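# Structural overview for review
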Amino acid sequence: MKAIRRFTVRPVLPEPLRPLSDLARNLRWSWHTETRDLFQSVDPEHWAASGGDPVRLLGSVRPARLAELAEDRRFLRRLTAVADDLHDYVSGERWYQAHPGELPAAVAYFSPEFGITAALPQYSGGLGILAGDHLKAASDLGVPLIGVGLLYRHGYFRQTLSRDGWQQEHYPVLDPNELPVALLKEADGTPARVSLALPGGTQLHARIWLAQVGRVPLLMLDSDVEENGLGERGVTDRLYGGGSEHRLLQEMLLGIGGVRAVRTYCRLTGHADPEVFHTNEGHAGFLGLERIAELCDQGLDFDAGLEAVRAGTVFTTHTPVPAGIDRFDRELVARHFGPDAELPRLDVGRILALGMETYPGGEPNLFNMAVMGLRLAQRANGVSLLHGQVSREMFSGLWPGFDPEEVPITSVTNGVHAPTWVAPEVFRLGARQIGAQRTEDALTVGGSERWDAVGDIPDQDVWELRRTLREQLVTEVRERLRASWRQRGAGTAELGWIDGVLDPDVLTIGFARRVPSYKRLTLMLRDRDRLMELLLHPERPIQIVVAGKAHPADDGGKRLVQELVRFADDPRVRHRIVFLPDYGMAMAQKLYPGCDIWLNNPLRPLEACGTSGMKAALNGCLNLSVLDGWWDEWFQPDFGWAIPTADGAGTDPDRRDDIEAEALYDLLERRVTPRFYERGQGGLPDRWIEMVRQTLTLLGPKVLAGRMVREYVERLYAPAAHAHRTMNPDRARELAEWKARVRAQWHGVTVDHVETTTATTTAELGTTLGLRVHVGLGALGPDDVEVQALSGRVDEEDRIADATTVPLKPVGGPDPEGRWVYEGPLSLDRTGPFGYTIRILPSHRLLASGAELGVVAVPSEDGVEGAGLLMR
């Protein structure tokens, strides 16, 4: 019979075991081996059954076993040592506390998903795993971060396969009382709440759950509360589920409700108020509106509030394609704001203007969350060098008149949290070489350019480690494959063949990720006969482990999964290629270390960064990838292979895929497999081991989340905190008024005439020319602008590349016609075709960049006569 109500009965721990509860509630156990080992020793059988979740373990262990442990002096000594270690970790000084300079008192980090551990399934893919790694690395470094997200009652879906290989989705209900989270409570013990006003006079209420991620609190809002109507209760039901209004409400709750949750948390705990707000992708962009409303309540107007908010806001974009951005109908957004809904004191027209695509090619009736994110943030970044470049081009319409390279979007390349993703066996090998503490510091704080100690590890040890990890993966794959086939309806008698699936001595390739079409799950199937030859080669076979989920609404992605599954079901190759359903963190932690090659073949440049290959690399796995995302930035032949890209404008998609698949097969056949199987004099694959060594030595320090978070602190958080402190109410008003005046008067700014001290079309290297420029400033003055000379090499169309910028200075006052004369030197420091131009930008001491207003004045055609193109 089915229960009519479900609730969780918590165990009462004996007094000596009380620290176990604190250890279970701090998610540091998810990346701290000693804590996990301690919980495993409580009851190994229940530990395995709980999926390595301490909260579930403590809820299932027998009271008699707890009583026994309470008398076990050896266990109690271990418990004390681990509890003391956690106390030192959360309270001691770390990198941030020892860092020189003025750093933010606190940073609020907003994301729609967080992948901390499989025990808290609040993630769908790379964005969430990245956010989880960001929090963990911040904790290791001592960065005073507050994470903000939503608590989804169904998380993301669980994936199984039908008998014919079609993806099926399941949404198990998550009970927060069975998760490693606790309710945030007011001083009187009642749950802390936040509320949003909805159209029609109703309200959306949410509780705040707290997950402790080492030193970092993660606040998660949950709308499944009795005060809400049925529709409102379902707002936090599923990650990326529902229609437009459902998504809009999720994002309003995340952004607006999230700021209110942060204020509540700081009020109740005494935590420092954030000086910097970091929006991880556009989903949380509404947080800027709530902060403007807060400042309006304190006496600022909308424009001044906007300047104050921008100063302390960082926006990270993760998508390289416009289709990946959340966009809402203008009328839908308008209905949820204003006098009869949320933020009634803000003008709806001003809110809408922040998200409107008011640029060539934009959709005038759509509200774009990334556009709002960029307009509300003074600092923005992509997540790899290539993605920064793609983002500057994609969003260049917001800065008309500027070349894409001048668009104020920088990049911080993603990293991964090594203690989460590095296999314990890899860590132990490092600890044997340089000691456990130095190994832990190298993996968390980082800071060195190379891990040279890897060079001292004997070849035999490296190769034995790789085989051990491969063997563990083979065991894991067989268990998961058997479970999958049973779910597909197979009986035990049909599954004897699974005992022969994969071989721990065969070159193993991993491919696991979400399944949108651009990631090309089935590129490996373009020539099935060629793939079969590679899989079944008598001397140099390969084996492939594939995993991935298609979005529930993406039938095209599901067809790709089915195509791959049907190929892997073929009795001729099913011992060499497998598809594992329900890809998630628990599977990934076994998959990355056990593979020899990590395969990645997206359409370039549609992979913003891609971090799975980083996790593989930290375990000594070599990358075989298209030059996209992080691999474009850091690829070297010493530690992997680059799949050539057929991305010419005239190449049709089918032809492109054929060419790139052919290149993949050739690489595997001619370069990858021979290197894996050829043996040196000692019977080891010396050249392969050397590539593993180079991967760990040179890539290891680069791919760390510790490196990433340190870059965020130094390049974005610290400048944003400084700007936030500088932008007091008076300065915010001053800057807002100045911007309004400059925008209103910019039509009068002109470059009227440009002349140099020479009129020839050639000149000698090292010559310095004098520039004299006549400009009109209309109602503005020299203090409002900067007149610049830009010079550099030019192409056939006279476009300047790698420009050098020199500010020119005004000479005297305006002439009778109101024109100003600016002068300055122009150094001819490069040979070959060379050119220059003049431009005028707005200039103010409180601007983060000259492009901030998106206005610029350049010479008209008749103003450049006599200026000359030099050194053609």
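Residues numbered from 1 in each chain as written. Predicted model: local features only at pLDDT ≥ 70, side-chain atom pairs only at ≥ 80, totals over all residues. Heavy atoms only, no water.

For the protein chain, the helix and strand inventory stands at 29 helices and 27 strands. For the protein chain, the C-alpha radius of gyration of 30 Å lies close to 29 Å, the compact-globule estimate for 872 residues. The buried share among the 872 residues of the protein chain stands at 56%. Counting only carbon and sulfur atoms, one obtains 49% of the accessible surface of the protein chain, whose full area is about 35,400 Å². A distance of 6 Å separates the average location of the 97 positive side-chain charges in the protein chain from that of its 121 negative side-chain charges. (Helix = DSSP H or I, 4+ residues; strand = E, 2+ residues; numbered from the N terminus. Rg over C-alpha atoms; globule rule 2.2 N^0.38 Å. Buried < 20%, exposed > 50% of the residue type's maximum accessible area, 1.4 Å probe, protein only. Areas by Shrake-Rupley, 256 points an atom, 1.4 Å probe, with all protein chains shown as cover. Lys, Arg positive; Asp, Glu negative; His and termini not counted. Charge placed at Lys NZ, Arg CZ, Asp CG, Glu CD.)

Once that is clear, we can look at the pairing of strand β2 (residues 145-150). One face of the sheet, then the other: side chains in a regular strand alternate in exactly this way. Judged by how many residues are buried, β2 sits mostly within the fold: 6 of 6 residues are covered. Of the two faces of β2, the one holding Leu 145, Gly 147 and Gly 149 and the one holding Ile 146, Val 148 and Leu 150 are both buried throughout. Relative to β2, strand β1 (residues 107-110) runs parallel, the two being bridged by 4 bridges. In the strand pairing of β2, Phe 110 is matched with Val 148. Handedness of the β1-helix α8 (residues 126-141)-β2 crossover: right-handed. Sheet analysis places β2 next to strand β8 (residues 216-222), joined by 4 bridges and oriented parallel. In the strand pairing of β8, Gly 149 is matched with Met 220. (Pairing = 2+ DSSP bridges. Right-handed = clockwise from strand over helix to strand, strands pointing away.)

To continue, consider the packing of helix α26 (residues 653-677) against helix α27 (residues 686-699). Each pair of packed helices can be described by the angle between their axes along with the distance between the axes. Contact geometry for α26 and α27: axes closest at 6 Å, N-to-C directions at 105°. Here α27 runs roughly perpendicular to α26, going by the angle between their axes. Of α27, the residues touching α26 (which contributes Val 672, Arg 675 and Phe 676) are Arg 687, Trp 688 and Met 691. Of the residues contributing to the contact of α26 with α27, the split by class is 4 nonpolar, no polar and 2 charged. (Axes fitted to C-alpha atoms, helices over the stretch in contact; angles between N-to-C directions. Parallel < 35°, antiparallel > 145°, perpendicular 65-115°, else oblique. Contact = heavy atoms within 4.5 Å. Nonpolar A, V, L, I, M, F, W, Y, C, P; charged D, E, K, R; others polar.)

Ordered in space as β17-β16-β15-β18-β19-β20, the 6 strands form an open sheet in which the pairing is parallel. Bordering the open sheet on either side are β17 (577-580) and β20 (640-643), each of which pairs with just one other strand. Within the sheet, the average angular offset between the axes of one strand and its neighbour, ignoring direction, is 20°. Bridge count between strand β15 (residues 507-512) and strand β18 (residues 597-600): 2 bridges; the pairing is parallel. Of the residues in β18, the one forming a bridge with Gly 510 is Trp 598. The sheet strands contacting helix α20 (residues 459-487) are β15, β16 (542-547) and β17, and the helix crosses β17 at an angle near 60°.

Turning to the pattern of salt bridges, a few remarks are in order. Proximity of charged atoms lets side chains of opposite charge pair with each other. Counted according to the given criterion, the structure contains 64 salt bridges. Its salt-bridge partner being Glu 669, residue Arg 530 comes within 3.2 Å of it at the nearest N-O pair. Here Glu 669 lies in helix α26 and Arg 530 lies in helix α21 (residues 528-535), a separation of 139 residues in the sequence. For Arg 530, a relative accessible area of 14% gives the class buried. (Salt bridge = Lys/Arg side-chain N within 4 Å of Asp/Glu carboxyl O.)

Taken by themselves, the reported measurements are silent on function.
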